[in-house]
Amino acid sequence: MNRLTEKKMETKRRKQILLLFLFLFMIVVISVNGSKTTTDQEMRGKLLNAIGTAQDDSSKIVKMFELAFYYFDRMEMKESADSMGETAIRIAEMSFRPGLLLLAYNRYIEVNDHEVYYQKAVGYASKALQICRIYPNPLMEWRICNNMVDVYNENYEYNNSLEMSNKAMSIAIMLNSDELKIESDLDIGKSLERKNQKID
């Protein structure tokens, strides 16, 4: 066997090995993607079942927002996340329970896209703050302000972001909570930094 023939056979073997690795790689990719899809559907099914079997509105709303977050964060289904959040809010509104409404409004802001659903986030935050004025709930009010800092920053509304940061700090000082003070201080710094970058 001459050197040319050996070289051709070696090239052929390398191609076969390469094709084998490519084939195995495709099997692994298909398997992983298939498992991910199955996992997503299984999780969706479990959460839907938990929603359907919930014994009260509070439990149902909590699970609905878990599913909304899963839609948004894991499955990248923004419209489904919004729809699920809206349905949960309708249930909370029909309950006429201020605490449940505050939870629903807050969770909607936390689990949905801040740019796509900016107006909704602002609207629900406004409603939540109105409830807090009638039924004082400092912790939930702080949470609303903290959430809105991110919403405003992501939409380049830095003055509003700074206003919410300062409001959150005032609440943290009133509650004498070091943890909330630190987080509020970080929000203020973040808002100022982005505002200064915009001016520059």
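Our structure's up above, just so we're on the same page.
Analysis parameters
- Residues numbered from 1 in each chain as written.
- Predicted model: local features only at pLDDT ≥ 70, side-chain atom pairs only at ≥ 80, totals over all residues.
- Heavy atoms only, no water.
- Helix = DSSP H or I, 4+ residues; strand = E, 2+ residues; numbered from the N terminus.
- Buried < 20%, exposed > 50% of the residue type's maximum accessible area, 1.4 Å probe, protein only.
- Areas by Shrake-Rupley, 256 points an atom, 1.4 Å probe, with all protein chains shown as cover.
- Axes fitted to C-alpha atoms, helices over the stretch in contact; angles between N-to-C directions.
- Parallel < 35°, antiparallel > 145°, perpendicular 65-115°, else oblique.
- Left-handed = near helix turned anticlockwise from the far one by under 90°.
- Contact = heavy atoms within 4.5 Å.
- Nonpolar A, V, L, I, M, F, W, Y, C, P; charged D, E, K, R; others polar.
- Patch = residues over 30% accessible without salt bridge, like charges linked within 9 Å, V, L, I, M, F, W, Y side chains within 5 Å.
- Salt bridge = Lys/Arg side-chain N within 4 Å of Asp/Glu carboxyl O.
- Core = buried A, V, L, I, M, F, W, Y, C linked by side-chain atoms within 4.5 Å.

A. Representation of the overall build of the protein. Of the regular secondary structure elements, the protein holds eight helices and zero strands. In the protein, the order of α-helices and β-strands from amino to carboxyl end is α-α-α-α-α-α-α-α. The buried share among the 200 residues of the protein stands at 35%. Summed over its atoms, the accessible surface of the protein is roughly 12700 Å², and 56% of this surface lies on carbon and sulfur atoms.

B. Structural context of the packing of helix α2 (residues 57-74) against helix α3 (residues 78-95). It is the contact of α2 with α3, at a shortest axis distance of 8 Å, that shows an interaxial angle of 165°. The orientation of α2 with respect to α3, classified from their angle, is roughly antiparallel. Crossing handedness for the pair α2 and α3: left-handed. Of the residues in α3, those in contact with Asp57, Lys60, Ile61, Met64, Phe65, Leu67, Ala68, Tyr71 and Phe72 of α2 are Lys78, Ser80, Ala81, Met84, Gly85, Thr87, Ala88, Ile89, Ile91, Ala92 and Ser95. Of the residues assigned to the contact of α2 with α3, the class counts are 13 nonpolar, four polar and three charged.

C. Spatial organisation of the packing of helix α6 (residues 138-154) against helix α7 (residues 158-175). Where α6 meets α7, the closest approach of the two axes is 8 Å, and the angle between their N-to-C directions is 155°. With respect to each other, α6 and α7 are oriented roughly antiparallel. Crossing geometry of α6 relative to α7 is assigned as left-handed. For the pair α6 and α7, contact is made by Pro138, Leu139, Glu141, Trp142, Cys145, Met148, Val149, Tyr152 and Asn153 and by Tyr158, Asn160, Ser161, Met164, Ser165, Lys167, Ala168, Ile171, Ala172, Met174 and Leu175, respectively. Looking at the contact of α6 with α7 residue by residue, the class counts come to 14 nonpolar, four polar and two charged.

D. Geometry of a nonpolar patch on the surface. There is a patch of nonpolar side chains on the surface, built from Leu139, Met174 and Leu175 and spanning about 300 Å² of accessible area. With respect to the helices, strands and loops of the structure, methionine 174 is situated in helix α7.

E. Local environment of the nonpolar core. Judged by nonpolar contacts, the single largest core of 46 residues is most densely connected at Phe65, Ile144 and Met148. Each residue touching isoleucine 144, except ones within four places of it in the same chain, is listed here: Leu102, Asn106, Ala125, Ala128, Leu129 and Cys132.

F. Region of interest: the pattern of salt bridges. All told, the structure shown has eleven salt bridges when counted by the stated rule. A salt bridge links aspartate 82 to lysine 120; the shortest N-O distance between them is 2.9 Å. You can see aspartate 82 sitting in helix α3 and its partner lysine 120 sitting in helix α5 (residues 118-134), a full 38 residues away along the chain. Aspartate 82 gets classed as buried once you look at its relative accessible area, which sits at 10%. A salt bridge links aspartate 150 to lysine 190; its shortest N-O distance comes to 3.2 Å. Of the two residues, aspartate 150 is situated in helix α6 and lysine 190 in helix α8 (residues 178-199); the sequence distance between them amounts to 40 residues. With a relative accessible area of 28%, aspartate 150 lands in the partly exposed category.

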